[in-house]
Amino acid sequence: MKLPPFVYEAPTTIAEAIDLLAEHLDEASVLAGGQSLIPLLALRLARPAVLIDINGIAELSGVSAANGWVAIGAMTREYMAEESGAVADAVPLLAAALPLIGHEAIRSRGTIGGSLAHADPAAELPAVARALDAGFVVRGPAGERVIPAAQWFEGYLTTARRPDELLVEVRFPAAGRGTGVSFAEVARRHGDFAMVGVAVSLLLSGGVISDARLAFAGVSDVPVRATAAEDLLVGERPSADLFEEAARRATDGIDPPADLHGSSDYRKTVAAAIVRRGLRAAADNAARGSD
Ligand SMILES: Cc1cc2nc3c(=O)[nH]c(=O)nc-3n(C[C@H](O)[C@H](O)[C@H](O)COP(=O)(O)OP(=O)(O)OC[C@H]3O[C@@H](n4cnc5c(N)ncnc54)[C@H](O)[C@@H]3O)c2cc1C
């Protein structure tokens, strides 16, 4: 289907992009990889008057690691992050989630910033960012601010970014030694959005869980941290009984949406199963890493 008419702008610096956003505000949409936005335009679900294409802004791409953080430029393609040694070494949960996004063709265009700015609650990266307490660096006419993941996701496809701000970078904390991770999900077909997914990170110290992070995709209009399960896990040794109880606590208060792929109850049952599976995989992964 043809796209609706719009004015096309292609800034080559962040400053130019911010000027355009400040001028057009809600009338403008930022175009990153286009993997979500172009279908929305084609279906007339988005009708911006101005499209600000940020693909020509070189300073928005790249991965760097310093002071216990890994900073990923918003325009870094998903496949580039997938192939990054810094991501594999320091943000293994992100590395585990990236290959689950769509197919290679999607990941070769789709960007880290695009996925997180789009904020689809069924997507993998929002759950990873929420689990790890990532920081979202946005820049606008008033300067730069860092928004914690707990505040970034405000609702369905809605973030705390103001219309005159550009997401420029996402910062992930580097995993400590002894961290084990897993992204467990169930999708109808390989490459589909998951019906339910869970990002899991466990830090084991002397065989005891000293930090536990779990965040669901697909159970609400935002990614959801399973804090009751996290509290249960910390201070305990991994076991099947512990993970069974953690799965019960993680899914106790959730009320996943129903659609043609599955009822709310079905999704809740799947959520409990993937929490058990994800915890086991993360614990095994941590034990292997500390050998
Ligand atoms: C067939 C198919 C299957 C897919 N499967 C999955 C999947 O399984 N899991 C998954 O997570 N995703 C999936 N996706 C989506 C994919 O990950 C997209 O790449 C991603 O959601 C959007 O990234 P993008 O760079 O293409 O952003 P775009 O589509 O260009 O933009 C998305 C939104 O973010 C805004 N935006 C983008 N960058 C910025 C920025 N720097 N600052 C401010 N706003 C910005 C845009 O204005 C737009 O509103 C799939 C897509 C397709 C087409």
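What counts as what
- Residues numbered from 1 in each chain as written.
- Predicted model: local features only at pLDDT ≥ 70, side-chain atom pairs only at ≥ 80, totals over all residues.
- Heavy atoms only, no water.
- Salt bridge = Lys/Arg side-chain N within 4 Å of Asp/Glu carboxyl O.
- Helix = DSSP H or I, 4+ residues; strand = E, 2+ residues; numbered from the N terminus.
- Buried < 20%, exposed > 50% of the residue type's maximum accessible area, 1.4 Å probe, protein only.
- Near = heavy atom within 4 Å.
- Polar contact = N/O pair within 3.5 Å; in protein donor to acceptor, adjacent residues only side chain to side chain.
- Areas by Shrake-Rupley, 256 points an atom, 1.4 Å probe, with all protein chains shown as cover.
- Pairing = 2+ DSSP bridges.
- Contact = heavy atoms within 4.5 Å.
- Axes fitted to C-alpha atoms, helices over the stretch in contact; angles between N-to-C directions.
- Phe/Tyr/Trp six-rings, centres within 6.5 Å; stacked < 30°, edge-to-face > 60°.
- Arc of directions from axis to C-beta.
- Lys, Arg positive; Asp, Glu negative; His and termini not counted.

**What to know about the pattern of salt bridges**
Working definition: two side chains of opposite charge can pair if their charged atoms are close together.
And step 1. Enumeration according to the criterion identifies 16 salt bridges in this entry.
And step 2. Close ionic contact of Arg 276 with Glu 244 constitutes a salt bridge, the shortest N to O distance being 3.6 Å. Of this pair, Arg 276 sits in helix α12 (residues 264-289) while Glu 244 sits in helix α11 (residues 240-252), and the two are 32 residues apart along the sequence.
And step 3. A residue is classified by how much of its surface remains accessible, and Arg 276, at 32% relative accessible area, is partly exposed.
And step 4. By relative accessible area, which is 42% here, Glu 244 ends up partly exposed.
And step 5. Here Arg 248 and Asp 252 are joined by a salt bridge, their closest N and O atoms 3.7 Å apart. Of this pair, Arg 248 and Asp 252 both sit in helix α11, separated by four residues, roughly a single helical turn.
And step 6. Here the residues in one salt-bridge network are Asp 133, Asp 211, Arg 213, Arg 225 and Glu 230, joined through shared partners.

**Concerning the site of the ligand**
And step 1. Contacts to the ligand come from 29 residues, most closely from Val 30, Gly 34, Gln 35, Leu 37 and Thr 111.
And step 2. One nitrogen or oxygen atom from the main chain of Gly 34 is found 2.7 Å from an oxygen atom belonging to the ligand.
And step 3. Backbone polar atom of Leu 37 to an oxygen atom of the ligand: 2.7 Å apart, as the coordinates give it.
And step 4. Starting from 970 Å² of accessible surface for the ligand in isolation, the protein chains cover 87%.

**Some points on the sheet that holds strand β13 (residues 208-217)**
And step 1. A sheet is described by the order of its strands in space; here four strands give the open sequence β11-β12-β13-β14, paired in antiparallel fashion. The open sheet has two free edges, formed respectively by β11 (179-186) and β14 (224-225), since each of these has just one partner strand.
And step 2. Bridging between β11 and strand β12 (residues 196-205) involves eight bridges; their strand directions are antiparallel. Following the sheet pairing, Ala 184 is matched in β12 by Val 198.
And step 3. Running at roughly 145 degrees to β13, helix α8 (residues 124-132) makes contact with β11, β12, β13 and β14 of the sheet.

**Considerations on the packing of aromatic side chains**
And step 1. Following the criterion strictly, the structure yields two aromatic pairs and no others.
And step 2. Ring geometry for Phe 136 against Trp 152: centres 4.4 Å apart, planes inclined by 5 degrees, an arrangement best described as stacked. A residue pair is termed long-range when its members are at least 10 positions apart, and Phe 136 in strand β6 (residues 135-140) and Trp 152 in helix α9 (residues 149-152) qualify at 16 residues.
And step 3. The exposure class assigned to Phe 136 is buried, which follows from its relative accessible area of 0%.

**Some details on the side chain of Arg 267**
And step 1. Note on placement: Arg 267 falls in helix α12.
And step 2. Classification of Arg 267 as buried rests on a relative accessible area of 5%.
And step 3. Engagement of the side chain of Arg 267 in a polar contact is seen with the backbone oxygen of Gly 262, the distance being 2.9 Å.
And step 4. Setting aside chain neighbours within four positions, we find Arg 267 in contact with Met 195, Val 196, Gly 218, Pro 256, Pro 257, Ala 258, Asp 259, His 261 and Gly 262.

**Quick word on helix α1 (residues 14-24)**
And step 1. Regarding α1, the residues found buried are Ile 14, Ala 17, Ile 18, Leu 20 and Leu 21. Buried residues of α1, viewed axially, fall in a sector of 160 degrees; they line one side. Seen from the open side of α1, the exposed residues pointing more than 90 degrees away from its buried face are Asp 19 and Glu 23.
And step 2. The inward-facing, buried residues of α1 contact β1 (7-9), β2 (28-31), β3 (50-53), β6 and β10 (166-173).
And step 3. Looking one or two residues beyond α1, the residue adopting positive phi is Leu 25, at roughly 45 degrees.

**Focus: the side chain of Glu 78**
And step 1. With respect to the helices, strands and loops of the structure, Glu 78 is situated in helix α3 (residues 78-82).
And step 2. Buried within the structure, Glu 78 lacks any salt-bridge partner; its nearest side chain of opposite charge belongs to Arg 107, at an N-O separation of 6.2 Å.
And step 3. Setting aside residues no more than four positions away along its own chain, Glu 78 makes contact with Leu 98, Ile 101, Ile 106, Arg 107, Gly 110, Thr 111, Ile 112 and Ser 115.

**Brief notes about the pairing of strand β7 (residues 143-148)**
And step 1. Of the strand pairs in this sheet, β6 and β7 are connected by six bridges, and their pairing is antiparallel. The partner of Gly 135 across the bridge, within β7, is Pro 148.
And step 2. Adjacent in sequence and paired antiparallel, β6 and β7 are bridged by two residues.

**Points about the sheet that holds β6**
And step 1. If you walk across this open sheet you meet the five strands as β4-β5-β10-β6-β7, and the pairing is antiparallel. Among the strands making up the open sheet, the edge pair consists of β4 (63-66) and β7. Averaged over all adjacent pairs, the angle separating strand axes in this sheet is 25 degrees, with direction ignored.
And step 2. Most of the contacts of α1 go to β10, to which it runs at about 120 degrees, and overall it touches β6 and β10.

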